[in-house]
Amino acid sequence: MPTPTQTDVNGNGIPDSDPSDDDWPGTMTVVYEDVTTPDAIRGRKFMEDSKLLPQLADDVTSSLKLPYDIPLKGSQCDEPNDFWSPSDQAMTLCYEDVANSLDLYARLGDEDPEASAWNEALASFYHETGHMVIDLYDLPATGREEDVADQASVYLLLRPDDDGNFDPNNVQAIMDSARWFGAMSSGEGEPIDDDHLADVHSPDRARMFNMVCWAYGADPDDTGDVVAAGLLPEDRAERCPGEYEKLDRAWSTLLTPYVK
């Protein structure tokens, strides 16, 4: 392996962005941590029964160059959350986050709350993968990193196949994630104040509109008439194809050296 030109926070060598795939030997590995609480038990069971974590890990291993092994951990976090840890160089999906999604989509009346919860976990994973690639490859983030990670999640989910088509299941995952943000914003029960506006995350309802816009801009056929459905104002919807085109061009430029 060539002499690395960078090291991560733990001193692991990161090779140049242009060597062959053989110089990037890492894989994403799955770890299930112990559980004690009812929500964590329920979330872990869902992850194991649906084989969520192995599928996500295999997708990243097959599509992105990794300089070393990256753990993907199912963990009891005592709150709904998912996160990338720069200090540990590990991804964590919290069991409670899945349990929360199962409950939320059931309240929304979904025929199959488990399918919607799987989609939300998929979109959340790719949001955290956005944080991971920014950190791992030392990419520039031209904006608040949480907003940029939302863009990365859409870009990574909408990688076209050899015929230039998007996976309709991934389009649905983005739309289900947008519904999650919409439901969370409806449950906030208070007006947006300075604390909301100053947060590193955009308000949930703004994130909902962004996710719908980018999915619609990429694939209007699979998202449907988002204006008639009340998911986007008409003037924003008209701009969405251009927004997605810019998003796709930016992330293609940043990530092409690291895609297998």
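Provided above is the structure to which this section pertains.
It should be emphasised that the depicted structure is a prediction, and the values quoted were computed from it without experimental measurement.

Novice: What should I look at first to understand the overall build of the chain in this one?
Specialist: Along the backbone of the chain there are ten helices and six strands. Looking at the chain alone, contacts between residues at least 24 apart form 64% of all its contacts between residues at least 6 apart.

Novice: Just checking my understanding: could you explain empty space enclosed by the protein for this structure?
Specialist: With a probe scaled to a water molecule rolled over the atoms, the places where space remains empty come into view. All told, the structure shown has one cavity of 30 Å³ or more when counted by the stated rule. Taken as a whole, the largest cavity encloses approximately 30 Å³ of empty space. In terms of lining residues, the largest cavity is bounded by Met-47, Leu-52, Asp-82, Leu-93, Cys-94, Asp-97, Val-98 and Ala-121. Those elements giving two or more residues to the lining of the largest cavity turn out to be β6 (90-94) and α3 (95-107). Per-class residue counts for the lining of the largest cavity are six nonpolar, no polar and two charged.

Novice: Is there a simple way to think about the side chain of Thr-223 in this case?
Specialist: One can find Thr-223 in helix α9 (residues 220-223). Separated by 3.0 Å, the side chain of Thr-223 and the backbone oxygen of Asp-219 make a polar contact. A polar side-chain atom of Thr-223 sits 3.2 Å from the main-chain carbonyl oxygen of Pro-220. In this structure, Thr-223 is in contact with Val-171, Met-175, Ala-215 and Tyr-216, ignoring residues within four places of it in sequence.

Novice: Please explain the nonpolar core as it appears in this structure.
Specialist: The tendency in soluble globular proteins is for nonpolar side chains to be buried side by side. Within the largest apolar cluster, 66 residues are counted, with the highest numbers of intra-cluster contacts made by Met-28, Leu-72, Phe-125, Met-132, Tyr-137, Trp-251 and Leu-255. When residues of this core are assigned to their parent elements, the largest contribution, ten residues, is made by helix α4 (residues 113-136).

Novice: I'm lost on the pairing of strand β5 (residues 82-85) in this one. Help?
Specialist: Successive side chains on a regular strand alternate, one facing one side of the sheet and the next facing the other. With four bridges connecting them, β5 and β6 associate as antiparallel partners. In the sheet register, Ser-85 faces β6, and the bridge partner there is Ala-90.

Novice: Would you take a moment to explain α4 for this structure?
Specialist: Residue pairs spaced three or four apart in an α-helix point in one direction, given the helix's 3.6 residues per turn. With 24 residues, α4 should reach 34 Å at 1.5 Å per residue; the first-to-last C-alpha distance of 34 Å fits that figure. Among the 24 residues of α4, 19 are classified as buried, and the element is accordingly described as predominantly covered.

Novice: Even after reading the chapter, I still don't get unusual backbone geometry, so can you show me in this structure?
Specialist: Negative phi is the rule for most residues except glycine; trans is the rule for most peptide bonds. For Asp-78, which is not glycine, the phi dihedral falls at a positive 65°. As for its placement among the helices and strands, Asp-78 is situated in the loop between β4 (70-75) and β5. You can call Asp-78 exposed: its relative accessible area is 60%. A positive phi angle, close to 50°, is found at Gln-89, a residue other than glycine. Note that Gln-89 resides in the loop between β5 and β6.

The rules behind these values
- Residues numbered from 1 in each chain as written.
- Predicted model: local features only at pLDDT ≥ 70, side-chain atom pairs only at ≥ 80, totals over all residues.
- Heavy atoms only, no water.
- Helix = DSSP H or I, 4+ residues; strand = E, 2+ residues; numbered from the N terminus.
- Contact = heavy atoms within 4.5 Å.
- 1 Å grid on protein atoms, 1.4 Å probe; cavity = no way out; pocket = protein on both sides within 12 Å on 5 of 7 lines; lining within 4 Å.
- Points joined across faces, edges and corners; volume = space filled by probe spheres on them.
- Nonpolar A, V, L, I, M, F, W, Y, C, P; charged D, E, K, R; others polar.
- Polar contact = N/O pair within 3.5 Å; in protein donor to acceptor, adjacent residues only side chain to side chain.
- Core = buried A, V, L, I, M, F, W, Y, C linked by side-chain atoms within 4.5 Å.
- Buried < 20%, exposed > 50% of the residue type's maximum accessible area, 1.4 Å probe, protein only.
- Pairing = 2+ DSSP bridges.
- Expected span 1.5 Å × (residues − 1).

Worth remembering: the numbers are spatial, not functional.
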